[in-house]
Structures are given as C-alpha cells and as structure tokens.
Amino acid sequence: MQSTPQTKTQNFWNPMAHPGDPASRNFIQIVKGDGNYVQTAAGDWLVDGVGGLWNVNVGHNRQEVKDAINAQLNELEYFQIFDGCSHPCVHELADRLIEMTKPEGMSKAMFSSGGSDAVETALKLARQYWKAVGQSQRYKFISLKQGYHGVHFGGASINGNTVFRTSYEPMLPGCIHIDTPWLYRNPWNCEDPEQLGQLCAAQLEAEIIFQGPETVAAFIAEPVQGAGGVIVPPANYWPLVRQVCDKYGVLLIADEVVTGFGRSGSMFGVRGWGVKADIQCFAKGINSGYIPLGATLVNERISSAIEGCQSFTGAVMHGYTYSGHPVACAAALASLKIVEQENLPQNAAVQGELLKRKLEQVLLDFPAIGEIRGKGLMIAIDLVANKKTREPIDPTKGYANRIAAVTMREGAIVRPVGTKIILSPTLTLTETEVEKLTSALKIAFQEVKA
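Cut-offs used in this document
Residues numbered from 1 in each chain as written. Predicted model: local features only at pLDDT ≥ 70, side-chain atom pairs only at ≥ 80, totals over all residues. Heavy atoms only, no water. Pairing = 2+ DSSP bridges. Helix = DSSP H or I, 4+ residues; strand = E, 2+ residues; numbered from the N terminus. Buried < 20%, exposed > 50% of the residue type's maximum accessible area, 1.4 Å probe, protein only. Lys, Arg positive; Asp, Glu negative; His and termini not counted. Salt bridge = Lys/Arg side-chain N within 4 Å of Asp/Glu carboxyl O. Polar contact = N/O pair within 3.5 Å; in protein donor to acceptor, adjacent residues only side chain to side chain. Contact = heavy atoms within 4.5 Å. 1 Å grid on protein atoms, 1.4 Å probe; cavity = no way out; pocket = protein on both sides within 12 Å on 5 of 7 lines; lining within 4 Å. Points joined across faces, edges and corners; volume = space filled by probe spheres on them. Nonpolar A, V, L, I, M, F, W, Y, C, P; charged D, E, K, R; others polar. Core = buried A, V, L, I, M, F, W, Y, C linked by side-chain atoms within 4.5 Å. Phe/Tyr/Trp six-rings, centres within 6.5 Å; stacked < 30°, edge-to-face > 60°. pLDDT = per-residue confidence, 0-100. Axes fitted to C-alpha atoms, helices over the stretch in contact; angles between N-to-C directions.

Glancing now at the sheet that holds strand E2 (residues 37-40). The sheet built from four strands is open, its strands ordered E1-E2-E3-E14 with mixed pairing. Only two strands of the sheet have a single neighbouring strand rather than two, namely strand E1 (30-34) and strand E14 (412-413). With three bridges connecting them, E2 and strand E3 (residues 45-48) associate as antiparallel partners. Among the inter-strand pairings, Val 38 is bridged to a residue of E3, identified as Leu 46.

This is the structure in structure tokens:
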C-alpha cells in the first residue's frame, strides 16, 4: 500500500512544523473517514492510529453525531452566550457535564473553542479565585517538565518542553517547572514506582515552600502526560499531590484535554486514581472533534467564591465568540451519549492493554526501542540510541518520521514526535485494528535502520 505524496505548494502553514523544511511534513491528504479508518487522496484506507489528534474518540462518520449536528443547524446555527443570553443546547450540555463529573465535585462550566482555550480559562479563573478571596498575591503556577498545556501564552508558559516557548519568549512570569513522575527517566534514577511518587510529591512540596505558599495559585498537570511522551505516573502520585495541595491551600488543576471522556481507560484521568481536582480542563473527546469545543469546569470552592464576591473582581471578564456554540454543544451531547452507552472507557482499557502487550511482544527486541508504555489508548514507543543508558535517539536524524512513513505505507497512521512514536487511536478500536497497527509497526522497524 503506497500513498501518492502531495507535492503541490500549499498556501497555509502546518502547525508544529518548519514551513521551510519539506522533510518536516508528510504531505498526506486525508479525504474521508469511517469508523476506525481514514482514506487518503490516493484512495488508501489507513487505520487511524492517532484518533485525528487524540480526539476522534467515537470514531469517524458516526451518523448519530452527524444527525445531531444537522438537526441543530436546522434549528439554530449560532447565537452567543454573552450578556446572559443562552440557548437550550448549552444548558443541556452544562447539566450533562456537571452530572458526569459529580464524583469529582464539579459545580460550574465555562465553554470555549478548544484545549488551549480551556487551559487559559483555568489559569485565569485560578488567579481570579484568589483575588476574590482576598489573596491576590497568589499568582504563581507550578507545572511539570514534559507537560503540554496548549499554545496560548499562559499554556505555553507552563508547558514543560522548551520547544513550545523558545521562539516566543519572554513568557508569563511566575511559572515554575518541577520534575515529572517518569519511571523510565528521572533525576533520581529511581525505578521503584512508589518511591518515585513520594520523591516527586516531596519536590512539589519543597517548591511550594521555597516559592512561599502564599504566592502559589495552583499546580497544573495532565493526569497522564500526552504530547510529552505518554508518561504514566505511579499509582500513589496523584493522591500525594492532592494531599500536598490541600496542605498549603494550593488549587489543583487537572488538564484533561486528552484524558477526558475515556482515553486513559477511565472516564476521566484523575478518576483513575480516585482524586478530585479543583478545576478540570476538557476538549478533544468532549465531542470527538466533530466541531471545535472546549470546557473548563470548577468545583464549589471556586464557584461559590467568585459568585459570592461583591466587588467587580467577581465579574468573569473572559469568554470567546464561540463559547457554547450550539452546533458544537449538539455534537458533544451526541458524542457523550455514545461514550457512555458503548462504555468506551472500558474498551479503551481493554484494547489499550492488548495493543501495548502485542507491541511489546513484537517490538521490544529491536535495538532502537527502549520502552513501550501507556495507559488505555495512550501509548508511546520510546526510541533510544542505547538501550542500556536509555540515551534517546537524535531527533534531527528523522528516524521516527521514517518509521511513521513505512507504517503508513503498510496501512496505519502513527505519530512521530521527536524521539517517540505515539499512538492514540479511536476508542472504538477493535482487535482487528490492533493487529494491523502491530503488523505495520513491526514491518517498519524491520525495514528502517536507526
């Protein structure tokens, strides 16, 4: 199977690529999607091993979602929710989200157009909360190295990878990064999960004390780090983080843009560890990417403080033209119904474990593969120059891209990210697609030499 490359000059820039470097792009055109597959302009059908971009959770071309979109278009294509306006769909979706997050204690929602928006909203609401309760000196954010929180200035400032900041610095002041709970690579050379969780939580506490607890607004992290390399924390990490935040009154923000609505194998990432955040950020799986949408949910602690503030500080001077877009909300309601009725979080857990196990069976002996890790349908293949030292491959040599190109030729799309191959397929994945992904990757690693 060989797709014909697109060579025509394009009048737009691809995100996360050098516009002057053709080698940074694969020139593939996707023209159709159905279920767990997408079709190229050349007519090849490929397993969608990236789920669009972590987000097509219910699969492509779901009639239920398309019907909901069409029905909403025929009723009301758009109206804003500024100035006290609303429409039925935004009420219904807010109610649904608060009901779904009842175990996490969420109280109110703010809508936006995507994940970067949702994170920016969370950061602003965290600062506003502290102003509302008379502690305006709490403005700092602590986040994790390797973390990814979008591309707005706030999100880029707390991102834990410098590639997202270097060209745009200086960034937002008051953003501090600490080590991530990464069992494969960490500064302590610790390989005991429980000990690593304790070390990382202790580092968070030490940093809060060093900065001054009275200056720290929030700690923000992904329940499972996505773009940073699918870093799954030890089981004790999130409960310990919650304890540290509670000890010093620091808000806990869970960036669930990727993990929300089933991808990690539970409905929400933090739920997998029985933890309640103060703020949760959602996008991607909220409506499976059919229409852009983001949401930021806050708990009672935050909502009551802001609503009860008697000064202008309580006014939420934030929002987007497309906040609560009727068509996006309709798509979300239809998508979330599928997620619940088909129990896609459970399918993600089962198929994700199967995919990880099969990849380990056929790939771990290759010299360029250091580790295969993941949780649910979030999986990363860590590429190394030396298995013993765990030295990553040189990302400038394009090895990951060449692996992805052969994998595509063999019938599946995977995502090369520097020193890693990332898989985030649709949550409707079946054993058939698991086999196809495994086979395509095996051929790629057999053929491509580091």
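Among the structural elements, Lys 140 can be located in strand E5 (residues 140-144). One buried charged residue, Lys 140, remains without a salt bridge, the closest side chain of opposite sign being Glu 214 at 7.4 Å. Of note is the side chain of Lys 140, whose polar atom sits 2.9 Å from the side chain of Gln 211. Those residues in contact with Lys 140, other than ones at most four positions away along the chain, are Gly 174, Ile 176, Gln 211, Thr 215, Val 216, Ala 217 and Ala 218.

This next bit is on the layout of surface pockets. By volume, the second largest pocket amounts to about 410 Å³. As for the second largest pocket, its lining consists of 19 residues, and the residues nearest its centre are Ile 81, Cys 85, Val 90, Ala 109 and Phe 111. Ranked by residues supplied to the lining of the second largest pocket, first place goes to helix H3 (residues 88-100) with four residues. Partitioning the lining of the second largest pocket into residue classes produces 11 nonpolar, six polar and two charged.

If you look at the biggest cluster of nonpolar residues, it comprises 65 residues, and the most contacted ones within it are Ile 381, Leu 441 and Phe 445. The dominant element in this core, judged by the number of residues it contributes, is helix H9 (residues 326-341), at 11 residues. Leave out the neighbours within four places in its chain, and Leu 441 touches Leu 359, Leu 363, Ile 381, Ile 403, Thr 407, Val 414, Ile 421 and Leu 423. The next biggest cluster of nonpolar side chains, apart from the first, holds 32 residues, and it includes Cys 200, Cys 245, Leu 252 and Trp 273.

Attention now moves to the pattern of salt bridges. Counted under the stated rule, the structure contains 20 salt bridges. A salt bridge links Glu 435 to Lys 358; its shortest N-O distance comes to 3.1 Å. Of this pair, Glu 435 sits in helix H12 (residues 431-447) while Lys 358 is found in helix H10 (residues 344-363), placing the two residues 77 residues apart along the sequence. Residue Glu 435 is classed as partly exposed on the basis of its relative accessible area of 36%. A salt bridge links Arg 409 to Glu 410; the shortest N-O distance between them is 2.9 Å.

For any two aromatic rings, the description comes down to two numbers: the centre-to-centre distance and the angle of the planes. Throughout the structure, instances matching the rule amount to nine aromatic pairs. For the ring pair Phe 268 and Phe 282, a centre distance of 5.3 Å and an interplane angle of 45 degrees mean the geometry is tilted. Taken together, the residues Phe 268 in the loop between strand E8 (251-255) and strand E9 (279-282) and Phe 282 in strand E9 connect sequence positions 14 residues apart. In this pair, the class of Phe 268 matches that of Phe 282, namely buried.

What follows is about the confidence of the model for the protein chain. For the protein chain, per-residue confidence averages 96 on the pLDDT scale, and 98% of positions sit at 70 or higher. The low-confidence segment residues 1-6, where pLDDT is below 50, has 16 contacts with residues more than four positions distant or belonging to other chains.

What the seven strands build is an open sheet, ordered E4-E10-E9-E8-E7-E5-E6; its pairing is mixed. Since the sheet does not close on itself, it has two edges, and those belong to strand E4 (106-112) and strand E6 (175-178), each with one partner. Direction aside, the axes of adjacent strands within the sheet are offset by 20 degrees on average. Pairing of E4 with strand E10 (residues 294-299) involves six bridges; the strand directions are antiparallel. Across the sheet, the residue bridging to Ala 109 is Leu 297, located in E10. The sheet contacts of helix H7 (residues 237-248) involve E5, strand E7 (216-221) and E8, and relative to E8 the element is tilted by about 145 degrees. Along the sheet, helix H8 (residues 300-307) makes contact with E4, E8, E9 and E10, crossing E10 at roughly 85 degrees.

In total, this model carries one cavity of 30 Å³ or more according to the counting rule given. Estimated volume of the largest cavity: approximately 30 Å³. Every residue along the wall of the largest cavity is listed here: Leu 144, Thr 180, Pro 181, Glu 222, Pro 223, Gln 225, Ile 231, Pro 233, Tyr 237 and Trp 238. A class-by-class count of the residues in the lining of the largest cavity yields seven nonpolar, two polar and one charged.

What follows is about the environment of Val 434. Structurally, Val 434 can be placed in helix H12. The exposure class assigned to Val 434 is buried, which follows from its relative accessible area of 0%. Separated by 184 residues in sequence, Val 434 and Val 250 have C-alpha atoms that sit 42 Å apart. Val 434 has contacts with Gln 351, Leu 354, Leu 355, Lys 358 and Leu 429, leaving out every residue within four places of it along the chain.

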